[in-house]
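Examination of the molecular architecture
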Amino acid sequence: MSAMKDRLRSDLTASMKARDALRSSTIRMVLAAISTAEVAGKEARELSDDDVIAVLGKEAKKRRESAEAFDAGDRPALAQKERDEAAILAEYLPASLTEAEVAAIVTAAVEQAGAAGQGMKAMGAVMAVVQPQVKGRADGGVVAAEVKRQLAG
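All values derive from a computational prediction rather than experimental measurement.

1. Description of the overall build of the chain
Counting its secondary structure elements, the chain contains 7 helices and 0 strands. Helices and strands in the chain line up, N terminus first, as α-α-α-α-α-α-α. In terms of its C-alpha atoms, the chain occupies a principal-axis envelope of roughly 60 × 40 × 30 Å. Counting all 153 residues of the chain, 34% fall into the buried class. Taking all contacts inside the chain whose residues are at least 6 apart in sequence as the whole, residues at least 24 apart take part in 59%. Put simply, the chain shows about 9000 Å² of open surface, and 54% of that area lies on carbon and sulfur atoms. Positive and negative side-chain charges in the chain, numbering 22 and 23 respectively, have mean positions lying 3 Å apart.

And the structure:
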């Protein structure tokens, strides 16, 4: 069993003993998403820590998007619940990169890919270099926007 999955299970037990309903339900939801990912595809498999982190990232992104949708729908209580769940999930994710760190990684990737001056047609090559470095630590939309900004400018 992956260390992350084991940590989630032990944290679930601790949150149940502490009667922390929000944390318990959030961790249960993540463990269910992990179980679903394990049996998805042609054959069942055990997820690695990186795979578990990817599932956690997807779930956290869902919570952020739901909070925005609830805010737009004037449902502040539900939006806050989604933000609280996202905060719990963030505890298990690697530290997010700042905008400056993303910009530095993209700048190095543009140089590495030899994409300077090629414009938007080099975006795929630059993203291929950047993605492994920022996986799970930065939102894909933010990274893509920074790549476009640097290639355009």
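2. Some words on the domain arrangement of the chain
Domain annotation for the chain reports domain 1 (3-91) and domain 2 (99-152). The gap between the C-alpha centroids of domain 1 and domain 2 is 28 Å.

3. Notes on helix 4 (residues 76-90)
Working note: α-helix, 3.6 residues per turn, so residues spaced by three or four point in the same direction. In a regular helix each residue adds 1.5 Å, so 15 residues correspond to 21 Å; helix 4 covers 21 Å between its end C-alpha atoms and thus fits that length. For helix 4, the full list of buried residues reads A79, E82, E85, A86, I88 and L89. Packed against the buried residues of helix 4 are helix 2 (21-39) and helix 3 (49-72).

4. Describing the pattern of salt bridges
Enumeration according to the criterion identifies 13 salt bridges in this entry. A salt bridge links K5 to E38; the nearest nitrogen and oxygen atoms lie 2.7 Å apart. With K5 in helix 1 (residues 3-17) and E38 in helix 2, the pair connects residues that are 33 residues apart, well separated along the chain. K5 sits in the buried class, given a relative accessible area of 6%. For the salt bridge of E85 with R63, the shortest nitrogen-to-oxygen distance reads 2.7 Å. With E85 in helix 4 and R63 in helix 3, this residue pair connects regions lying 22 residues apart in the sequence. Judged by its relative accessible area of 8%, E85 is buried. Within the structure, one salt-bridge network assembled from shared partners comprises E59, K62, R63, K81, E82 and E85.

Parameters at a glance
- Along every chain, residues carry numbers that run from 1 in the direction the sequence is written.
- Totals for whole chains, interfaces and linings use all residues, but because this is a predicted model, local features are given only for residues with pLDDT of at least 70 and pairs of side-chain atoms are given and counted only at 80 or more.
- Only heavy atoms go into the side-chain values, all of them from the structure, while hydrogens and water stay out.
- By the criteria applied, helices consist of DSSP H or I runs no shorter than four residues and strands consist of E runs no shorter than two, each listed in order from the N terminus.
- Partly exposed describes any residue whose relative accessible area lies between the buried limit of under 20% and the exposed limit of over 50%, with all areas from a 1.4 Å probe on protein chains only and scaled to the type maximum.
- We call two residues contacting when some pair of their heavy atoms lies within 4.5 Å.
- Using a 1.4 Å probe, the Shrake-Rupley method yields the accessible areas, and only the shown protein chains count as cover for residues.
- When charges are tallied, Lys and Arg are placed among the positive residues and Asp and Glu among the negative ones, while His and the ends of the chain are skipped.
- Just so you know, the charge point we use is NZ for Lys, CZ for Arg, CG for Asp and CD for Glu.
- Domain start and end points were adopted from an automatic or database domain assignment.
- Each helix should span, by expectation, one fewer than its residue count multiplied by 1.5 Å.
- Basic side-chain nitrogens of Lys or Arg form a salt bridge, by our definition, when they fall within 4 Å of a carboxyl oxygen of Asp or Glu.

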